[in-house]
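# Coordinates in review
The lines below spell out each chain.
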Amino acid sequence: YCSKACFHASGKLTPGRGSENPHWKPKITVVCAYCGKEFETYPSRNGRRKYCCQAHRMLGNLKRFALGERTNLEVAMSTALRQNRIAFDEQVVMFDKFMVDFKLSEYPIIVQCDGVYWHNSPQAKRRDKGQDAYLVKAGYIVLRFTDNQVLHQMPSCIKAIKKAINNPNQPRLIQG
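Our subject in this report is the structure included herewith. By convention here, each chain's residues receive numbers from 1 onward along its written sequence. Reporting of local features is limited, given that this is a predicted model, to residues whose pLDDT is at least 70; pairs of side-chain atoms are given and counted only at 80 or more, and all residues count toward the totals for whole chains, interfaces and linings. The side-chain values count all of the structure's non-hydrogen atoms but skip hydrogen atoms and water molecules.

Our focus in this paragraph is helix α7 (residues 154–166). A helix here means a DSSP run of H or I that spans at least four residues, while a strand means a run of E at least two residues long, and both kinds are numbered starting from the N terminus. Multiplying one less than the number of residues by 1.5 Å gives the expected span of a helix. With 13 residues, α7 extends 18 Å from end C-alpha to end C-alpha; this agrees with the ideal 18 Å at 1.5 Å per step. Exposure is judged per residue with a 1.4 Å probe applied to protein chains only, and the accessible area is read against the type maximum: over 50% gives exposed, under 20% gives buried, and values in between give partly exposed. Listed in full, the buried residues belonging to α7 are M154, C157, I158, I161, A164 and I165. Looking down the long axis of α7, one finds its buried residues gathered within 120° of arc, a one-sided arrangement. Those residues of α7 that are exposed and aimed more than 90 degrees away from the buried face are P155, K159, K163 and N166. The contact criterion used throughout is that any non-hydrogen atoms of two residues lie within 4.5 Å. Buried-residue contacts for α7 involve α3 (72–83), β4 (98–104), β5 (109–114), β6 (141–146) and α6 (147–152). What the arc covers is the set of directions going from the helix axis to the C-beta atoms.

See the structure below:
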């Protein structure tokens, strides 16, 4: 086209905005999969848009991951905690920000089992360090054990957990 006026005169431009556009479709109401609140979204996003906001999307995904299968490290640790009669909750979402492997029910103690595959990269180490700082500031004792410790040195892991239970004044972050 030789000019904008010529283009507009051709009728190729979709006329109007909103409801004046022949391709326009009204928004639909969807229920947030996390909080149950109703929100509006475009019909083209139905099925892909399950959460009302970014925070609920993150929390919903954390909750969904928590329902998944446990790693062999988590299974070994949960078995050892049960055998030692230490009450715990598994895969707990903390402060609507992140998920921890184990939170002892009767004590402000968090137990994390770090596999090399998921926790060895520089980005994962930064994330874990930030998570630990947040938990320590909130008053928790954080115990981190490597996959080697969990699979081959479980008695020393349980000993460290019992020490944290009996001595709440110890350092707040203990890495095995």
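Still to come is the rest of the account.
Put simply, a nonpolar core is a bunch of buried Ala, Val, Leu, Ile, Met, Phe, Trp, Tyr and Cys residues held in one set by side-chain atoms that sit within 4.5 Å of each other. Counting residues in hydrophobic clusters, the biggest one holds 21 residues, and the most contacted among them are M77, V111 and I161. Secondary-structure elements contributing two or more residues to this core are α3, β4, β5, β6 and α7. For this core, the element with the most residues is α7, which contributes 6 residues. Each residue touching I161, except ones within four places of it in the same chain, is listed here: M77, L81, I86, L104, V111, L143 and F145. Core analysis: the second largest hydrophobic core is formed by 8 residues, M94, F98, I110 and L135 among them.

Before going further, it helps to examine the packing of α3 against α7. To define axes, lines are fitted to C-alpha atoms, for helices over the stretch in contact only, and angles between the resulting N-to-C directions are given on a 0 to 180 degree scale. The interhelical angle for the contact between α3 and α7, taken along N-to-C directions, is 60°, at an axis separation of 11 Å. Looking at the two axes, α3 sits oblique to α7. You can see that α3 and α7 cross each other, and the crossing is right-handed. Where α3 abuts α7, its residues A76, M77, A80 and L81 lie against M154, C157, I158 and I161. Classification convention: Asp, Glu, Lys, Arg as charged; Ala, Val, Leu, Ile, Met, Phe, Trp, Tyr, Cys, Pro as nonpolar; all other residues, Gly among them, as polar. Grouping the amino acids of the contact of α3 with α7 by side-chain chemistry returns 8 nonpolar, no polar and no charged. Working rule for angles: under 35 degrees goes down as roughly parallel, over 145 as roughly antiparallel, 65 to 115 as roughly perpendicular, anything else as oblique. Left-handed is the label given to a crossing in which the near helix is rotated counterclockwise from the far helix by less than a right angle, and right-handed is the label when the rotation is clockwise.

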